[in-house]
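Inside the fold
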Amino acid sequence: MDLRDRRLTKRLIQSAAKIAAHPEKPFNQVFDWNELRGFYNVCHKEAATLAAIQGPHWQQTRQEMGQHPLVLILHDTSEMDFTEHTALQGAGPIGDGNGRGFLQHNSLAVLPEPRQVLGLAYQQWYVRKEAPKDEHTSQRKRRERESELWLRGIEATGRPPEGCRWVDVGDRGADIYEAMVASLAQGHDFLFRVTQNRQVWTTAECGELGNLRDFACTLAGQGRDVVEIPARGGRAAREAEVALAAAPVWIPAPSGTLQRATQPVIAAWVVRIWEPNPPKGVEGLEWILITSAPTQTIEELRQRRDWYACRWMVEVFHDIEKNGCSEEDRRFETAERMEACLAILSLVAVRIFQMRTALNSQPDEPAEQVATREEIQVVRRVTKHRKSSFTVKDFVRGVAHLGGFLGRKHDGDPGVKTLWRGYQRLQDLLLGYQLRGSPDGNVGNR
C-alpha cells in the first residue's frame, strides 16, 4: 500500500491490520474514536484509490505467479449490493435494475494442484449507467461495455515469464471473441464456458461452418470420469459420473466486428463434459468449454476438467468478502470512498481464503507459512498442543476449533465460516496475550 505520503500510508497499514483482525465487525467496534477518524480521513483522500491500495499486492501476486509452471487466473464479476444504503452517492443499477450498487471484477490467481490461492492479480470496479428511456438495442450495445472488464483483467496481468503457463478461466460471461484475442495476445491460454452458439469452422480448411454448441453435442465420448460437485444454495454435494469429449474448431470474428475480414481466426478446442445418466430428479451436469490449449488425449481432457472445476474458488472468494468481511454492510457516503474501504477488505478476504486452502495444499509445512509467531503461540496454548512441531494443519484446525469446529473423524475439513469465527476469536485472545505480555520459552511445552 502506497499513498505517496508516509503518514497516510502508515495509517492505512495500521488500519488494514486492525480490520484484518476483526473482518466481520463494524468499524466502530474495531477502532477507538481517534483511530476511526484517522481511518475515515485516509479513505477520504483522493490518493486512496483502488490501484494505490492494492497495487503492491497485485505486483507481489504476479511475481509469485512467475515462480510456478502453471497458474490459473480466475476472472469473475460480483455484484456489490448497497440497495439499503440510500445515502450512498455514485452507485448504479444492479440485478434487474431495481437494486443499487457496483460491479466488482476480480482476477484471482490460484494453483490448480494442489489448490492454493496466490492472491489477486487485479481488481476492477464498474458502475452501470441508467438506461435512457426509449433506448434502441444498438444504442444500448454502444453504451454498455461491461465486456471490457474481462479484457482489462486479462491484459493487466501481463505476460508470463519464460517457462510459465498462465490460463485465463471464466464462466459464460467470458465467452467473448475479444477476450480470446486478448488472452492469446498476452501469451496466455484461455478456458471459457460457452454461452453463445456461435458459428465456427469444424475443419482446418475452413470450408464447413457449424454452430459451436450444436457441434459439441454431436461429439462421441472419449472416456469417462468423475466430477465433484460442491454443495451450494441448499444443494447437497455429490459426485457426477461424466463423459468427456473434445474436438478442434476455428473461430472467426463475429458478424458486426469492425474490419472483420482482417481479424484473426482463433484455433481452439471445444470440450464437452456431461453427465449421461444423472440421478432421478437431478439436473445433469453439462459443461461446454472453449480453450486454446490443445485437448486430444484423455489426460488432457481430465486436466481441462480440473482447470474449470477450480472456477468455484472465485465464488468462494466472493462469499468470504460478503459474508466474512461484511463488505455490503459498510457505510460511506460516496462511491470513491466505498471503493477505498472495500479495497482493504478484499485483501483481508484473500488472507482468510489463503489460510483455508493452505490446509489442503501445504498441511505439513511449518505453521509460520501462514501465521505470525504470536498467533501460533496463542493457538498452541488454547489447543494444548504439546508436540515440538506445529504445522499449517495444526494451526488452521486450531483456529477452526476456536470457531466451533469439533474435529471429529466424520467432520471433514473446517469450512470458511468456521474459520471466520475462529479467526475473530483468535484476534481477541491475541489482544489479551499482548496486553499480558509474551511469556518466554516454548508455549507448547509449558
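Remember, it's a predicted structure, so these values are computed and weren't measured experimentally.

**Topic: the overall build of the protein chain**
Helix and strand content of the protein chain: 14 helices and 12 strands. Evaluated residue by residue, the protein chain yields a buried proportion of 50% over its 446 residues. Here the analysis covers contacts within the protein chain between residues at least 6 apart in sequence; of these, 64% occur between residues at least 24 apart. Per element, the accessible surface of the protein chain, about 22,000 Å² overall, is 47% carbon and sulfur.

**Topic: the environment of Pro-254**
In this fold, Pro-254 is placed in the loop between β10 (238-251) and β11 (266-274). Along the primary structure Pro-254 and Tyr-177 are separated by 77 residues, whereas in three dimensions their C-alpha atoms are 7.3 Å apart. In this structure, Pro-254 is in contact with Tyr-177 and Arg-260, ignoring residues within four places of it in sequence.

**Describing the pattern of salt bridges**
It is possible for side chains of opposite charge to pair when their charged atoms get near one another. Overall, the coordinates contain 16 salt bridges when judged by the stated rule. Between Glu-148 and Arg-152 there is a salt bridge, with the nearest N and O atoms lying 3.4 Å from each other. Here Arg-152 and Glu-148 lie together in helix α6 (residues 148-156), a separation of four residues that amounts to about one turn. Relative accessible area serves as the criterion here: at 29%, Glu-148 is assigned to the partly exposed category. Look at Arg-152 and you get partly exposed, because its relative accessible area is 34%. Sharing partners across several salt bridges, the network here consists of Asp-76, Asp-171, Arg-311 and Glu-315.

**Some words on the layout of surface pockets**
For the largest pocket, the calculated volume is near 1,800 Å³. Along its surface, the largest pocket is lined by 50 residues, and Glu-228, Ile-229, Pro-230, Ala-309 and Trp-312 are the ones closest to its centre. Listing elements by their share of the lining of the largest pocket, those giving two or more residues are β1 (70-81), β9 (223-229), β12 (286-291), α9 (298-309), α10 (312-324) and α11 (335-361). For the lining of the largest pocket, the element with the most residues is α10, which contributes seven residues.

**Description of unusual backbone geometry**
Apart from glycine, the bulk of residues carry a negative phi angle, and the bulk of peptide bonds sit in the trans form. Backbone torsion omega between Glu-113 and Pro-114 reads -10 degrees, so that peptide bond is classified as cis. Within the secondary structure, Pro-114 sits in the loop between β3 (99-112) and β4 (115-126). Positive phi, close to 55 degrees, is recorded for Lys-384, a residue that is not glycine. As for its placement among the helices and strands, Lys-384 is situated in the loop between α12 (373-383) and α13 (392-402).

**Focus: the side chain of Gln-54**
Considering the arrangement of structural elements, one finds Gln-54 in helix α4 (residues 50-65). Polar side-chain contacts of Gln-54 include one of 3.0 Å to the backbone oxygen of Ala-343. Here Gln-54 is in contact with Leu-120, Gln-123, Ala-343, Ser-346 and Leu-347, once residues within four sequence places are set aside.

**Quick notes on the pairing of β11**
When a strand is regular, its side chains alternate between the sheet's two faces. Within β11, eight of the nine residues are buried, which leaves it mostly tucked inside the rest of the structure. Both β11 and β12 contribute to a ladder of six bridges, which runs antiparallel. When the bridges of β12 are listed, Val-270 appears paired with Ile-290.

**As for the packing of α11 against α13**
Between α11 and α13, the least distance of the axes is 9 Å, while the angle of their chain directions is 130 degrees. Classified by the angle between their axes, α11 and α13 sit oblique to one another. Between α11 and α13 the crossing geometry is left-handed. Contacts from Met-355, Ala-358 and Leu-359 of α11 reach α13 at Val-392, Lys-393, Phe-395, Val-396, Arg-397 and Val-399. Of the residues assigned to the contact of α11 with α13, the class counts are seven nonpolar, no polar and two charged.

**Side note on the confidence of the model for the protein chain**
In this model, the protein chain carries a mean pLDDT of 84, and residues with pLDDT of at least 70 account for 83%. Predicted confidence for residues 438-446 stays below pLDDT 50, and this span has 17 contacts to residues more than four positions away or in other chains.

**A word on the packing of aromatic side chains**
Inspection of every chain in the model, using the stated rule, returns five aromatic pairs. A ring pair is formed by Phe-102 and Trp-125, whose centres lie 5.6 Å apart and whose planes are at 75 degrees; its orientation type is edge-to-face. With Phe-102 in strand β3 and Trp-125 in strand β4, this residue pair connects regions lying 23 residues apart in the sequence. Assessed through its relative accessible area of 3%, Phe-102 is described here as buried. With 5.4 Å between their ring centres and 20 degrees between their planes, Phe-190 and Phe-192 make a pair best called stacked. Taken together, the aromatic side chains of Phe-82, Phe-102 and Trp-125 make up a single cluster linked through ring pairs. Positioned above the aromatic ring of Trp-307 is the side chain of Arg-304, whose terminal nitrogen or guanidinium carbon lies 4.5 Å from the ring centre.

Thresholds, definitions, all that
- Per-chain numbering applies: the sequence of each chain, read as written, is numbered from 1 onward.
- Side-chain atom pairs in this predicted model are given and counted only at pLDDT of 80 or more, local residue features only at pLDDT of at least 70, and totals for whole chains, interfaces and linings cover all residues.
- To obtain the side-chain values, all non-hydrogen atoms of the structure were used and water was disregarded.
- Every helix listed is a DSSP run of H or I at least four residues long, and every strand listed is a run of E at least two residues long, numbered separately from the N terminus.
- Relative accessibility under 20% of the residue-type maximum defines a buried residue, over 50% an exposed one, and the middle range a partly exposed one, all with a 1.4 Å probe and only protein chains included.
- Whether two residues touch is decided by their heavy atoms; if any such pair falls within 4.5 Å, the residues are in contact.
- For accessible areas, the Shrake-Rupley method is used with a probe of radius 1.4 Å. Any residue's cover is judged against the shown protein chains and nothing else.
- Just to be clear on terms, a salt bridge is a Lys or Arg side-chain nitrogen sitting within 4 Å of an Asp or Glu carboxyl oxygen.
- Of the grid points, spaced at 1 Å and generated over the protein atoms alone, those admitting a 1.4 Å probe that cannot get out make up cavities, while open sets with protein on both sides within 12 Å along at least five of seven lines make up pockets; any residue with an atom within 4 Å of a point is treated as lining.
- Grid points are joined across faces, edges and corners, and a volume is the space filled by probe spheres set on the points.
- Polar contacts here mean pairs of N or O atoms no more than 3.5 Å apart (in protein, one a potential hydrogen donor and the other a potential acceptor; neighbouring residues in sequence count only if both atoms are side-chain atoms).
- DSSP-based pairing: two strands are paired if at least 2 bridges between them are found.
- A fitted line through C-alpha atoms serves as each axis, taken over the contacting stretch for helices, and the angle formed by two N-to-C directions is quoted from 0 to 180°.
- Convention used here: angles under 35 degrees read as roughly parallel, angles over 145 as roughly antiparallel, angles from 65 to 115 as roughly perpendicular, and any remaining angle as oblique.
- Put simply, a crossing is left-handed when the front helix is turned counterclockwise from the back one by less than a right angle, and right-handed when it is turned clockwise.
- Ten residue types, Ala, Val, Leu, Ile, Met, Phe, Trp, Tyr, Cys and Pro, are classed as nonpolar, four, Asp, Glu, Lys and Arg, as charged, and the remainder, Gly among them, as polar.
- Per residue, pLDDT measures the predictor's confidence, with a range of 0 to 100.
- Aromatic pairing here means that ring centres of Phe, Tyr or Trp (its six-membered ring) are within 6.5 Å. Orientation follows from the plane angle: under 30 degrees is stacked, over 60 is edge-to-face, and everything else is tilted.
- Lysine NZ or arginine CZ positioned within 6 Å of the ring centre and within 35 degrees of the ring normal marks a charge as sitting over the ring.

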